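# Reading the structure
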Amino acid sequence: MLKVYDDDWFMQQAIAQAELAAAAGEIPVGAIVVSNERIIARGHNQTEQLNDVTAHAEIIALTAAANYLGDKYLHDCTLYVTLEPCVMCAGALAWAQVSRVVYGANDDKRGFMRFGRELLHPKTKLEFGVLHESCGALMSRFFEGKRR
């Protein structure tokens, strides 16, 4: 029997990536790319580890997915990410022509939605708020720990 996964299950997998980032002292953002109900790529923030401001979870996951598929375009793929992508990542998602983006927590300071959905490819479907409380709690715990 074929198991069908839902958005919550996939977001849990992105949360697991965010927890890896937090354990490494990175801002806890995790992302996965799904194609045909299968996870084909995973990523978490690695900006500190790689000393690279572009090493966001989304960028790492997009690169891994493109390598897996052998194509720079990620048609028929969904990106699940724990935090609303920034403008840079939204641009990369547009160039990759990702079919669907699902994010958990909003990012009122740096999120791309401040500038409008138009930053994504016109055909990209956008969904948000999936497990937003869990995703937001990751960020809150991380920054509370930094303030101590």
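Residues numbered from 1 in each chain as written. Predicted model: local features only at pLDDT ≥ 70, side-chain atom pairs only at ≥ 80, totals over all residues. Heavy atoms only, no water.

### Structural notes on the UniProt feature "domain: CMP/dCMP-type deaminase" (unreviewed entry) in the chain
Feature annotation in UniProt places "domain: CMP/dCMP-type deaminase" (unreviewed entry) on residues 5-115, given in this structure's numbering. End-to-end, the C-alpha atoms of residues 5-115 are 32 Å apart, and along that stretch the chain is 40% helix and 23% strand. (UniProt positions renumbered as here; feature names shortened; annotations may be inferred. Helix = DSSP H or I, 4+ residues; strand = E, 2+ residues; numbered from the N terminus.)

### Points about helix α4 (residues 87-96)
When α4 is considered as a whole, its buried residues turn out to be Cys89, Ala90, Leu93, Ala94 and Ala96. Relative to the axis of α4, the buried residues are bounded by an arc of 170° and lie together on one face. Tucked into the core, α4 has its buried residues touching α3 (57-69), β3 (77-83) and β4 (100-105). Positive phi appears at glutamine 97, one or two residues downstream of α4, with a value of about 55°. (Buried < 20%, exposed > 50% of the residue type's maximum accessible area, 1.4 Å probe, protein only. Arc of directions from axis to C-beta. Contact = heavy atoms within 4.5 Å.)

### Quick notes on the environment of glutamate 37
Its place among the elements puts glutamate 37 in the loop between β1 (30-35) and β2 (38-44). For the pair glutamate 37 and asparagine 67, spaced 30 residues apart in sequence, the C-alpha separation works out to 18 Å.

### A short note on the sheet that holds strand β5 (residues 125-128)
Taking strand neighbours across the sheet as the criterion, the 5 strands line up as β2-β1-β3-β4-β5 in an open arrangement whose pairing is mixed. At either end of the open sheet lies a strand with only one pairing partner, and these are β2 and β5. Strand-to-strand, the axes of this sheet are offset by a mean angle of 15°, without reference to chain direction. Pairing between β3 and β4: 5 bridges, direction parallel. Residue pairing across strands places valine 81 opposite tyrosine 103, the latter belonging to β4. The strands touched by helix α1 (residues 7-23) within the sheet are β1, β2, β3, β4 and β5, with β1 carrying the most contacts at an inclination of about 140°. (Pairing = 2+ DSSP bridges. Axes fitted to C-alpha atoms, helices over the stretch in contact; angles between N-to-C directions.)

### Quick look at the UniProt feature "binding site: Zn(2+)" (unreviewed entry) in the chain
Per the UniProt annotation, the sites labelled "binding site: Zn(2+)" (unreviewed entry) are His56, Cys86 and Cys89. On the basis of their most widely separated C-alpha atoms, the annotated residues across 34 residues gather in one place, lying no more than 9.2 Å apart. Secondary-structure assignment places cysteine 86 in the loop between β3 and α4. Setting aside its immediate chain neighbours within four residues, cysteine 86 contacts His56, Glu58, Arg110, Gly111 and Phe112. Summarising the element assignment, cysteine 89 is placed in helix α4. Sequence-distant contacts of cysteine 89, that is, excluding residues within four places in its chain, are made with His56, Glu58 and Ile59.

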